[in-house]
Amino acid sequence: MQEKLQKIKDSFEKKLKSIKDLDSLDILYNEYFSRKAGEMTNIMKSLKDLSGEERKEMGALSNTVKTEMESLFENKKQELENKKWETLLETEKIDITQPKLPQERQGSKHPVTLVHETLENLFTSMGFMLLDGPELESDYYNFEALNIPQNHPARDTQDTFFIKGNKDMVMRTHTSSVQVRAMQKYGAPLRAVVTGRVFRNEAIDASHDHTFYQMEGILIDKNISIANVLGTMKELLAGVFGREVEVRLRPGHFDFVEPGFELDMKCLVCEGKGCGACKHSGWVETLPCGLVHPSVIESGGLDSKEWTGFAFGLGSSRLVMQRYGIEDIRLLHSGRLDFLKQF
Ligand code: PHE
C-alpha cells in the first residue's frame, strides 16, 4: 500500500506540472479526489478493510500523502490564478499617457450660448432669477394675458406658427410669454430673466430668421420708474460688450408696457457706417422695454395699484451678431462647421 501511495503521489505531481489552466486543474483534482472514483478517495475507503495496527499506520501515512498532494494542488491553483489576473490586467490596460484628442474633435459652445451665459451671469449677480418657459405656448400667455386680445392688430406684427387642430396653442413669438407665468408663480417683488428660443413666420433675410433667441427681463417692485429701466439696460450693454455702447431711445409701442421704448445701439459691426447687420442704418434695434402695463400686472394676480415694474426683451441673436461681428443671422442655424469652429 505504501508503494501504491507513493506512485499515486508521483503521478499526481507529474501531471500537475503539465497543467496550464484552471479548468484542467479541476479535472485533475477530480481524478484523484472525487468522492466517487478519485484514486486517493479509493485508497482512503480501502483503509477500513485493513486490520488494527496496519490500519492505524496506513491511515496516518495516507493522510500525510493526501495533505502533501492537497498543498501541491493549492500552490498550483494559486499560481494559475495569479497568472490569470496578470493576463487580464495586461489585456485591459489603459494607457493613461495617451495624448489629448485633437482640438477639432472637442467641439465648442455655440455663440448664442456664450452670450446667454454672459447675460445670465450678469443678471444673477444683480439678484435676478433664471426662468424657463415652454416654446409651445398657449395663446393666453403669449398674447391675451399681455394685453393683446384676439383680432387685435398687434398680432399682425408677431405672425407665428400655429398648431394644426389646436388654435389655442402657438409657437411662442417672444419670451414675454413668461412674464405672467412668473408673476403667477412667484408673486411680488420679482426679478427674473428668461433666455430662450422664439419663433416667427418671417420673410427670411440677413437680419430676420423664423427661429431666433431673446432674453426677457421682468422686475416687479414698488415705485419703479423709467430711471430704473435705463440704469439696468446700460448695465446690461456694458456687461456684454465690456465697454460703454452708444445708445438712443425712441418711443415704441408694445401692448404690455406703458410707456414703451425702443433702445437702439450703434452698430458695432460697422461702427455706425451701415452694413447688412444693421440694415444699413448704422443703428441696431436692441432693447424694446418699458414699464409693465397695469393690466398685465393684474393678469399676474397682483394689485396694480400697489405694484409697478419694468420689462425688457432683448433680441439676443442680434446681440450675438454685434458681439462677434456676424453679418448674417442665418449663419447661427446653418450648422456650418467652418462658422462654428471660430468660437
Ligand atoms: N416681446 C417684445 C418683442 O418680442 C419685446 C418686449 C419685451 C417689449 C418686453 C417690451 C417689454 O417684440
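The name recorded for the protein chain in an unreviewed UniProt entry is Phenylalanine--tRNA ligase alpha subunit. One UniProt comment on the protein chain, placed under Subcellular location (unreviewed entry), says "Cytoplasm". The Subunit (unreviewed entry) field of the UniProt record for the protein chain holds the comment "Tetramer of two alpha and two beta subunits."

1. Comments concerning the packing of aromatic side chains
Here the structure, examined in full by the defined rule, presents 11 aromatic pairs. Judged by centre distance (5.1 Å) and plane angle (75 degrees), the ring pair of Tyr-140 and Tyr-141 falls under edge-to-face. Judged by relative accessible area, Tyr-140 falls into the partly exposed class, the value being 37%. You can call Tyr-141 buried: its relative accessible area is 16%. Among the aromatic residues, those joined into a ring-pair cluster are Phe-12, Tyr-29, Tyr-32, Phe-33 and Phe-73. One Lys or Arg, Lys-222, reaches over the ring of Trp-307 and ends 4.7 Å from the middle of that ring.

2. Section: the sheet that holds strand E2 (residues 136–138)
A sheet is described by the order of its strands in space; here three strands give the open sequence E2-E4-E3, paired in antiparallel fashion. With partners counted over all chains shown, the strands left at the sheet margins are E2 and strand E3 (162–163), one partner each. Note: E3 against strand E4 (residues 166–171), two bridges, orientation antiparallel. Each bridged residue has a counterpart across the sheet, and for Ile-163 the counterpart in E4 is Asn-166.

3. Observations regarding the UniProt feature "domain: Aminoacyl-transfer RNA synthetases class-II family profile" (unreviewed entry) in the protein chain
In the numbering used here, UniProt assigns the feature "domain: Aminoacyl-transfer RNA synthetases class-II family profile" (unreviewed entry) to residues 115–321. Taken end to end, residues 115–321 is 26% helix and 33% strand, and its first and last C-alpha atoms sit 10 Å apart.

4. Comments concerning the pairing of E4
For a regular strand, the rule is simple: side chains alternate between the two faces of the sheet. Here E2 pairs with E4 via three bridges, running antiparallel. In the sheet register, Ser-138 faces E4, and the bridge partner there is Met-169.

5. What to know about the pattern of salt bridges
If you walk through the whole model with that rule in mind, you get 16 salt bridges. Between Asp-264 and Arg-250 there is a salt bridge; the shortest N-O distance is 2.8 Å. One end of the pair, Asp-264, is in strand E8 (residues 257–266); the other, Arg-250, is in strand E7 (residues 247–251), and 14 residues separate them in sequence. The exposure class assigned to Asp-264 is buried, which follows from its relative accessible area of 1%.

6. Quick notes on the site of the ligand
Surrounding the ligand, one finds 15 residues, the nearest of these being His-174, Ser-176, Arg-200, Gln-214 and Gly-313. In the environment of the ligand, a nitrogen atom lies 2.9 Å from a nitrogen or oxygen atom belonging to the side chain of His-174. At 2.7 Å from a nitrogen atom of the ligand is found a side-chain nitrogen or oxygen belonging to Ser-176. When isolated, the ligand has an accessible area of 330 Å², and the protein chains bury 95% of it. The cavity that encloses the ligand is the largest pocket. Counting residues per element, the shell around the ligand draws most heavily on strand E10 (residues 308–315), which supplies three residues. The residue inventory of the shell around the ligand, partitioned by class, reads seven nonpolar, six polar and two charged.

7. Observations regarding the nonpolar core
One broad rule of soluble globular proteins: the nonpolar side chains tend to lie buried together. Within the largest apolar cluster, 43 residues are counted, with the highest numbers of intra-cluster contacts made by Leu-236, Leu-237, Phe-312 and Leu-319. The element contributing the most residues to this core is helix H8 (residues 226–241), with six residues. For Phe-312, the residues in contact, after removing those within four places along its chain, are Phe-123, Val-193, Met-215, Glu-216, Gly-217, Met-233, Leu-236, Leu-287, Pro-288 and Cys-289. Counting residues in each nonpolar core, the second largest holds 25 residues, with Phe-143, Val-194, Ile-218 and Leu-302 among its members.

8. Section: the domain arrangement of the protein chain
Segmentation of the protein chain into domains returns domain 1 (2–91) and domain 2 (111–340). For domain 1 versus domain 2, the separation of C-alpha centres amounts to 84 Å.

9. A word on the UniProt feature "binding site: Mg(2+)" (unreviewed entry) in the protein chain
Cross-referencing UniProt, the feature "binding site: Mg(2+)" (unreviewed entry) maps to Glu-258 in the present numbering. You can see Glu-258 is positioned in strand E8. Other than its neighbours up to four places away in sequence, Glu-258 contacts Leu-291 and His-293.

10. Concerning the side chain of Thr-175
You can see Thr-175 is positioned in the loop between E4 and helix H7 (177–186). Looking at Thr-175, its side chain comes within polar contact range of the side chain of Glu-216, at 2.9 Å. If we ignore the near neighbours within four places in the chain, the residues touching Thr-175 are Val-194, Gly-196, Val-198, Gln-214, Met-215 and Glu-216.

Calculation rules
- Residues numbered from 1 in each chain as written.
- Predicted model: local features only at pLDDT ≥ 70, side-chain atom pairs only at ≥ 80, totals over all residues.
- Heavy atoms only, no water.
- UniProt positions renumbered as here; feature names shortened; annotations may be inferred.
- Phe/Tyr/Trp six-rings, centres within 6.5 Å; stacked < 30°, edge-to-face > 60°.
- Buried < 20%, exposed > 50% of the residue type's maximum accessible area, 1.4 Å probe, protein only.
- Lys NZ or Arg CZ within 6 Å of the ring centre and 35° of its normal.
- Pairing = 2+ DSSP bridges.
- Helix = DSSP H or I, 4+ residues; strand = E, 2+ residues; numbered from the N terminus.
- Salt bridge = Lys/Arg side-chain N within 4 Å of Asp/Glu carboxyl O.
- Near = heavy atom within 4 Å.
- Polar contact = N/O pair within 3.5 Å; in protein donor to acceptor, adjacent residues only side chain to side chain.
- Areas by Shrake-Rupley, 256 points an atom, 1.4 Å probe, with all protein chains shown as cover.
- 1 Å grid on protein atoms, 1.4 Å probe; cavity = no way out; pocket = protein on both sides within 12 Å on 5 of 7 lines; lining within 4 Å.
- Sits in = over half its atoms within 2 Å of the grid points.
- Nonpolar A, V, L, I, M, F, W, Y, C, P; charged D, E, K, R; others polar.
- Core = buried A, V, L, I, M, F, W, Y, C linked by side-chain atoms within 4.5 Å.
- Contact = heavy atoms within 4.5 Å.
- Domains from an automatic or database assignment.

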